Amino acid sequence: MTAIAAAVALSLPISLCNSCKVSKKFQGVKGGFGVFAVLGEANSLGPSDKKSLWGTLFDVEDPRSKAPQCKGRFLDVYQALELARYDIQYCDWRARQDLRTIVLLHEKVVEVLNPLAREYKSIGTMKKELAELQGELAQAHKQVHISEARVSAALDKLAYMEELVNGKLLEDRTKMESSIAAPSSSTSTQSLDTMKRPRKSLDVSGPVQPYHPRLKNFWYPVAFSTDLKDETMIPIDCFEEPWVLFRGKDGNPGCIQNTCAHRACPLHLGSVNEGRIQCPYHGWEYTTDGKCEKMPSTRLLNVKIKSLPCLEQEGMIWIWPGDDPPTTTLPSLQPPSGFVIHAEIVMELPVEHGLLLDNLLDLAHAPFTHTSTFAKGWTVPSLVKFLTPASGLQGYWDPYPIDMEFQPPCMVLSTIGISKPGKLEGQSTKECATHLHQLHVCLPSSRNKTRLLYRMSLDFAPLLKHIPFMHYLWRHFAEQVLNEDLRLVIGQQERMINGANVWNWPVAYDKLGVRYRLWRDAVERGSKPLPFSKLM
């Protein structure tokens with residue numbers, strides 16, 4: 001066996017301050033250091049040769065006796081460099097001693113288990129030695145469990161601290177809202193006490209209010225590119241207004257008001273004629289920028305209806321419904337590398353889009369709500385946590401192997417680790433061999449209606465995409481899952497309209513939903529920068 005150990009002194013970053021404390025803290029050198037061994041054939045040397053090599057490798061003089069005494073002294077750069085070299089020599093010596101210990105323990109194990117050793121050792125002696133080794137192994141396992149417990153305690157503490165931070169944000173928001181209207185001299189003591197008392201929960205109750213104009217100043221995905229053919233139209237509602245999508249002469253998508261300027265007829269009931277949408281009532285034709293270019297049976301007038309900025313990216317049609325100038329970039333909603341899109345489904349749901357987002361950002365309800373679909377057979381864990389950075393709108397679920405992200409203004413992306421349909425595998429998505437990726441877009445159509453865009457992708461079974469009518473099977477399954485949610489969310493909506501607070505008692509696993517609500521409130525208040533995201 002051949003062995004080579006090398007250390008490069010001058011190429012390592014060194015802390016001169018710590019290097020001065022040689023007498024007590026030789027192991028405190030900051031920087032990278034490694035001992036590299038190159039091992040050849042195991043049978044290339046005999047036992048005596050091995051011991052000779054070991055003597056060369058391990059019999060290195062302890063450098064501490066030669067280290068210069070510098071405690072309490074100021075050093076110039078040369079003295080500091082010399083001291084750093086002694087530090088490195090000590091690290092090299094310490095590494096050799098640790099390596100010697102490992103080699104000796106390895107020989108001890110081999111000696112106990114070697115068939116030749118059993119010829120002169122009694123069974124009792126071997127049992128005793130093996131029991132001692134087993135005890136050391138058990139101690140190592142115990143230390144690992146202690147470390148795991150410490151990590152778990154640290155995560156719990158982090159979750160608790162984040163709850164305190166969220167509570168502080170809610171308190172600050174309440175104080176700011178209270179300061180808008182100063183109390184008059186006739187304000188009672190009871191009302192003052194109520195004003196000073198911080199609100200401990202989100203208040204999402206009462207009839208759905210009109211959407212704030214600031215919530216419109218985002219790019220919204222409204223349709224899949226595959227659904228918008230050259231001669232087709234897609235009517236949509238967005239923020240209580242009717243719009244219609246179609247492709248112009250250049251093939252690019254456009255979005256115009258779904259109301260003819262002449263007699264307010266719905267334009268989507270007409271047809272697309274040479275890249276213009278034709279009203280079915282009197283044949284007026286509009287381009288993608290809303291200009292009327294044809295008026296049969298009358299003189300052409302300068303007429304134009306409202307249009308929205310419209311773009312196409314990564315297989316989706318986007319619109320900007322706000323009054324502010326649109327941003328130049330769109331967020332990416334593509335599945336991760338290695339995934340293939342298997343289904344793109346659009347549904348109209350009779351719920352306010354915020355309540356639907358609340359539902360999608362919550363996984364703790366799965367073993368209770370989705371007992372007939374994807375969560376059939378799931379056990380109910382004693383504790384469900386959503387672990388996330390202190391400032392972010394993404395994270396992962398514990399104990400479920402699911403990563404999740406809220407992408408403003410209305411998108412939810414999730415990656416689920418699975419082994420077979422309906423079954424979870426492992427403790428994290430990285431531990432799972434196969435995955436399902438989902439995109440949910442909750443477009444606010446009106447105060448009680450949401451346009452849901454759902455995209456499902458897999459990183460396995462690519463042939464499923466080519467099976468005839470498979471798209472209908474995926475849609476049937478998606479509708480089953482949504483129906484399990486809808487009966488609950490519709491009930492929430494009814495009670496919310498009648499005054500019930502749907503966010504009365506947030507708990508630890510509601511973290512991502514709470515952050516969405518705080519983000520949305522910050523948008524409506526015009527806060528800069530927006531919370532939980534460095535990009536906002």
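Every chain is numbered on its own, with residues counted from 1 as its sequence reads. At least 70 in pLDDT is required for a residue's local features to be given in this predicted model, at least 80 for side-chain atom pairs to be given and counted, and no such filter applies to totals for whole chains, interfaces and linings, which use all residues. Side-chain metrics rest on all non-hydrogen atoms present in the structure, leaving aside hydrogens and water.

In the annotation of an unreviewed UniProt entry, the protein is listed under the name Rieske domain-containing protein and assigned to Gossypium trilobum. UniProt positions are given in the numbering used here, feature names are shortened, and annotations may be inferred rather than shown by experiment. As recorded by UniProt, the Subcellular location (unreviewed entry) comment attached to the protein reads in full: "Plastid, Chloroplast".

*Asks:* Explain the overall build of the protein to me, please; I cannot follow it from the model alone.
*Replies:* By the criteria applied, helices consist of DSSP H or I runs no shorter than four residues and strands consist of E runs no shorter than two, each listed in order from the N terminus. Along the backbone of the protein there are 9 helices and 19 strands. Of all intrachain contacts in the protein linking residues separated by at least 6 positions in sequence, the fraction that spans at least 24 positions is 63%. The accessible surface values rely on the Shrake-Rupley method and a 1.4 Å probe; as for residues, cover is taken only from the protein chains in view. Counting only carbon and sulfur atoms, one obtains 57% of the accessible surface of the protein, whose full area is about 30700 Å². We call two residues in contact whenever any of their non-hydrogen atoms come within 4.5 Å of each other.

*Asks:* How should the side chain of threonine 369 be read in this particular structure?
*Replies:* On the secondary structure map, threonine 369 appears in helix α7 (residues 366-369). To sort residues, take the accessible area from a 1.4 Å probe on protein chains only and compare it with the maximum for the residue type: under 20% means buried, over 50% means exposed, and anything in between is partly exposed. With relative accessibility at 9%, the residue threonine 369 sits in the buried group. Sequence-distant contacts of threonine 369, defined by excluding residues within four places in its chain, comprise Glu484, Asp485 and Leu488.

*Asks:* Just to check I follow, could you spell out the confidence of the model for the protein for this structure?
*Replies:* Atom-level detail of predicted coordinates should not be read off regions where pLDDT is low. Note on scores: pLDDT gives the predictor's confidence for each residue, bounded by 0 and 100. Within the protein, residue pLDDT values average 78, and 68% of them lie at 70 or more. Contacts of residues 1-45 to residues separated by more than four positions or lying in other chains number 69 contacts, the stretch itself having pLDDT below 50. Counted against residues more than four places away or in other chains, residues 180-200, with its pLDDT under 50, gives 10 contacts.

*Asks:* Looking at this structure, I do not really get the pattern of salt bridges. What am I missing?
*Replies:* Proximity of charged atoms lets side chains of opposite charge pair with each other. We define a salt bridge as a side-chain nitrogen of Lys or Arg found within 4 Å of a carboxyl oxygen belonging to Asp or Glu. Under the criterion given, the structure shown has 14 salt bridges. With a shortest N-O distance of 3.2 Å, arginine 447 and glutamate 240 are connected by a salt bridge. Taken together, the positions of arginine 447 in the loop between β18 (434-446) and β19 (449-458) and glutamate 240 in the loop between β2 (234-238) and β3 (241-247) put the pair 207 residues apart, joining distant regions of the chain. The closest approach of N and O atoms between arginine 520 and glutamate 524, which form a salt bridge, is 3.6 Å. Taken together, the positions of arginine 520 and glutamate 524, both in helix α9 (residues 511-525) and 4 residues apart, correspond to about one turn of that helix. Residue glutamate 524 is classed as partly exposed on the basis of its relative accessible area of 25%.

*Asks:* Just to check I follow, could you spell out the pairing of β19 for this structure?
*Replies:* Within a regular strand, the side chains alternate between the two sheet faces. Most of β19 is tucked away: 9 of the 10 residues are buried. Looking at chain direction, strand β12 (residues 340-349) and β19 are connected through 9 bridges and run antiparallel. Opposite leucine 349, over in β19, you have threonine 450 as the bridge partner. Where β18 folds back on β19, the antiparallel hairpin that results is connected by 2 residues. Strand pairing follows a simple DSSP-based rule, namely that at least 2 bridges must link the two strands.

*Asks:* Any chance you could explain the sheet that holds strand β10 (residues 310-313) here in plain terms?
*Replies:* Pairing is antiparallel across the open sheet formed by 3 strands, whose spatial order is β1-β11-β10. Edge positions in the sheet fall to β1 (220-224) and β10, since each has one partner strand and no second. Between one strand axis and the next, the sheet turns by 30 degrees as a mean value, whatever way the strands run. Judged from the 4 bridges that link them, β10 and strand β11 (residues 316-319) form a sheet pairing that is antiparallel. Looking across to β11, one finds that glutamine 313 is bridged to methionine 316. To get an axis, a line is fitted to the C-alpha atoms, and for a helix only the part in contact is used. The angle between two axes follows their N-to-C directions and goes from 0 to 180 degrees.

*Asks:* What should I look at first to understand the packing of aromatic side chains in this one?
*Replies:* Centre distance and the angle of the planes are the two values used to describe a pair of aromatic rings. Under the pairing criterion, centres of Phe, Tyr and Trp rings, with the six-membered ring standing for Trp, must be within 6.5 Å; the plane angle then separates stacked pairs below 30 degrees from edge-to-face pairs above 60, leaving the rest tilted. Within the structure shown, the criterion is met by 8 aromatic pairs. Residues phenylalanine 218 and tryptophan 519 carry aromatic rings whose centres are separated by 5.6 Å and whose planes lie at 55 degrees to one another, so their mutual orientation is tilted. Taken together, the positions of phenylalanine 218 in the loop between α5 (189-196) and β1 and tryptophan 519 in helix α9 put the pair 301 residues apart, joining distant regions of the chain. Of the two residues, phenylalanine 218 and tryptophan 519, both sit in the buried class.

*Asks:* Please explain the packing of helix α6 (residues 353-360) against α9 as it appears in this structure.
*Replies:* In contact at an axis separation of 9 Å, α6 and α9 are set at 150 degrees when each is read in the N-to-C sense. Put simply, α6 runs roughly antiparallel to α9. At the point where α6 passes α9, the crossing takes the right-handed sense. Between α6 and α9, the contacting residues are His353, Gly354, Leu355, Leu357 and Asp358 on the first element and Gly513, Tyr516, Arg517 and Arg520 on the second. In this classification, Asp, Glu, Lys and Arg are treated as charged, Ala, Val, Leu, Ile, Met, Phe, Trp, Tyr, Cys and Pro as nonpolar, and every other residue, Gly included, as polar. Across the contact of α6 with α9, the residue classes break down as 3 nonpolar, 3 polar and 3 charged. Any angle between 65 and 115 degrees counts as roughly perpendicular, while under 35 counts as roughly parallel, over 145 as roughly antiparallel, and the rest as oblique. We call a crossing left-handed when the near helix sits turned anticlockwise from the far one by less than a right angle, and right-handed when that turn is clockwise.

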